[in-house]
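Spelled out, the chains give:
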Amino acid sequence: MRILADQNMPLVEEFFSEFGEITRFAGRELSPQQLVDTDILLVRSITNVNENLLTHANKLKFVGTATIGTDHVDQTLLKQKGIAFSSAPGCNATAVAEYVISSLLALAQEDGFNLQDKTVGIIGVGNIGSRLSKKIAALGCNVLLCDPPKQAAGELEGGVSLDTIINDADILSFHVPLVKEGAHQTKHLLNKHNLSQLKDNAIVVNSCRGDVIDNQALLEFMQAGGGLSLVLDVWENEPTIEQALLPYTRIGSVHIAGHSLEGKAGGTDMLYQAVCQQLGKPATHKMANFLPEPEFTEVNLGNTFSETNVCQLVHSVYDARRDFGLLKQGLNSVGFDSLRKNYPGRREFSTLTVKCSSSANAKRLSQLGFNVIEE
Ligand SMILES: NC(=O)C1=CN([C@@H]2O[C@H](COP(=O)(O)OP(=O)(O)OC[C@H]3O[C@@H](n4cnc5c(N)ncnc54)[C@H](O)[C@@H]3O)[C@@H](O)[C@H]2O)C=CC1
Ligand SMILES: O=C(O)C(=O)[C@H](O)COP(=O)(O)O
């Protein structure tokens, strides 16, 4: 069997060698000719799987994307052609939620406020939004949730409208899929019209898809004196991003919010499980066997739980400001895609065991995602 896999997908050889010959490709450069005689295609978010790419796909049986987002894949076309498809829902949801928590704690520390005094609006309450909501609640913040599709289906109690979040939230974090049409379209959810209705000094976090915020409208708003604090992991027109936004960005990165080692490896693992199912073979490999030991494994917290302690704990595992440093240093020298390819990686909070002596604190730390031992 011939397997084509994105060069930035980890552990493909470890998981897939038993099925056939693996060839790697650069995600933005895959040509239709490369799909001749290919049985399995494994992509990441930067490869558009469309009519043009499949022109010569004479043997293709399975397409997998090791990502949560699927806006780069024409699933209707795959169905018409009888090609099986799988994505990796939830694979890096924890990583994205932790990126947001790390960024917010950094801004709170720098600006001298407590997150627990803030109202956080989460737009999109799926795998990422719901995990983030749990972590944010552990910090004692007031949380507003907005997910119209879920609200319409009766799947989210107490949900509010986007307008309510725009008007009332101190912090807004977007976790919706990119949808360009229909009743619940998300392209430019934050736009020229509603930017001006945000609270002064609101914090806006985008770690879903760049197009969810109108970047030109955002730039004009900031150039006109808008006082927002911006945390931007995703941008319109990646990899050619609007660099004029950088001076207005408090924390920025190259679309790596989901790139914890666990999140990236988890995407490959989920595709492996899907291919095994497709081929009727048992799944024998486990992701945990391929991950290295974390650098720091244990901390003793005693019975304290202040935001300062939590900030230290979180940043000992991952400080998103490191990634803003990488962006600022490397964007014009090595470029956006190269920064992503050579991302130094990071671990998730669960790799750190926190010993603590109060059960209330143990509960909150565990809600944040740490591995907690109550002593
Ligand atoms: N920056 C990064 O590295 C990553 C970005 N992502 C992006 O994050 C997105 C969300 O991921 P998950 O939470 O795992 O997806 P999910 O599918 O579990 O949840 C998305 C939620 O958004 C809701 N939604 C849809 N339209 C909406 C609207 N107009 N307003 C409010 N809510 C709406 C859906 O009902 C759903 O509950 C992905 O589609 C992907 O584009 C995902 C992983 C990593
Ligand atoms: O899962 C998603 O959706 C993402 O956006 C990924 O975490 C990042 O995607 P890649 O570009 O690394 O495939």
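Every value quoted in this text rests on a predicted model; they were computed, and no experiment measured them.

Student: How should the site of ligand 1 be read in this particular structure?
Tutor: Looking at ligand 1, there are 33 residues lining it, with G69, G124, G126, P177 and G258 nearest. Secondary structure elements with two or more residues in the shell around ligand 1: α3 (93–111), α4 (127–138) and α5 (148–152). Counted by class, the shell around ligand 1 contains 16 nonpolar, 13 polar and four charged residues.

Student: How do you make sense of the domain arrangement of the chain when you look at a structure like this?
Tutor: Often the size quoted for an interface is simply the accessible area lost on bringing the parts together. If you check the domain split of the chain, you get domain 1 (2–87), domain 2 (93–252) and domain 3 (298–374). Measuring from the centre of the C-alpha atoms in domain 1 to the corresponding centre in domain 2 gives 31 Å.

Student: Looking at this structure, I do not really get the site of ligand 2. What am I missing?
Tutor: Residues in close proximity to ligand 2 include R44, S45, I46, T67, I68, G69, N92, H255 and G258, which together make up its full environment. A breakdown of the residues in the shell around ligand 2 according to their chemical character gives two nonpolar, six polar and one charged.

Student: Is there a simple way to think about the packing of α3 against α4 in this case?
Tutor: The geometry of a pair of packed helices is captured by two quantities: the angle between their axes and the separation between those axes. It is the contact of α3 with α4, at a shortest axis distance of 8 Å, that shows an interaxial angle of 45°. Taken together, the axis directions place α3 and α4 in an arrangement best described as oblique. The chirality of how α3 crosses α4 is right-handed. Listed contacts from α4 to A93, T94, V96, A97, V100 and I101 of α3 are N127, I128, R131, L132 and K135.

Student: Any chance you could explain the sheet that holds strand β13 (residues 353–356) here in plain terms?
Tutor: The strands that make up a sheet are held in pairs by hydrogen bonds between backbone atoms, and each pair lies either parallel or antiparallel. The sheet built from three strands is open, its strands ordered β12-β13-β14 with parallel pairing. Looking at strand neighbours, the two that pair on one side only are β12 (298–302) and β14 (371–374), the edges of this open sheet. Geometrically, the sheet is characterised by an average inter-axis angle of 25° between neighbouring strands, direction not taken into account. With four bridges connecting them, β12 and β13 associate as parallel partners. If you follow G302 over to β13, its bridge partner there is C356.

Reading the values: rules and limits
- Residues numbered from 1 in each chain as written.
- Chains lettered and ligands numbered in written order.
- Predicted model: local features only at pLDDT ≥ 70, side-chain atom pairs only at ≥ 80, totals over all residues.
- Near = placed C-beta within 6 Å.
- Helix = DSSP H or I, 4+ residues; strand = E, 2+ residues; numbered from the N terminus.
- Nonpolar A, V, L, I, M, F, W, Y, C, P; charged D, E, K, R; others polar.
- Domains from an automatic or database assignment.
- Axes fitted to C-alpha atoms, helices over the stretch in contact; angles between N-to-C directions.
- Parallel < 35°, antiparallel > 145°, perpendicular 65-115°, else oblique.
- Left-handed = near helix turned anticlockwise from the far one by under 90°.
- Contact = placed C-beta atoms within 7 Å.
- Pairing = 2+ DSSP bridges.

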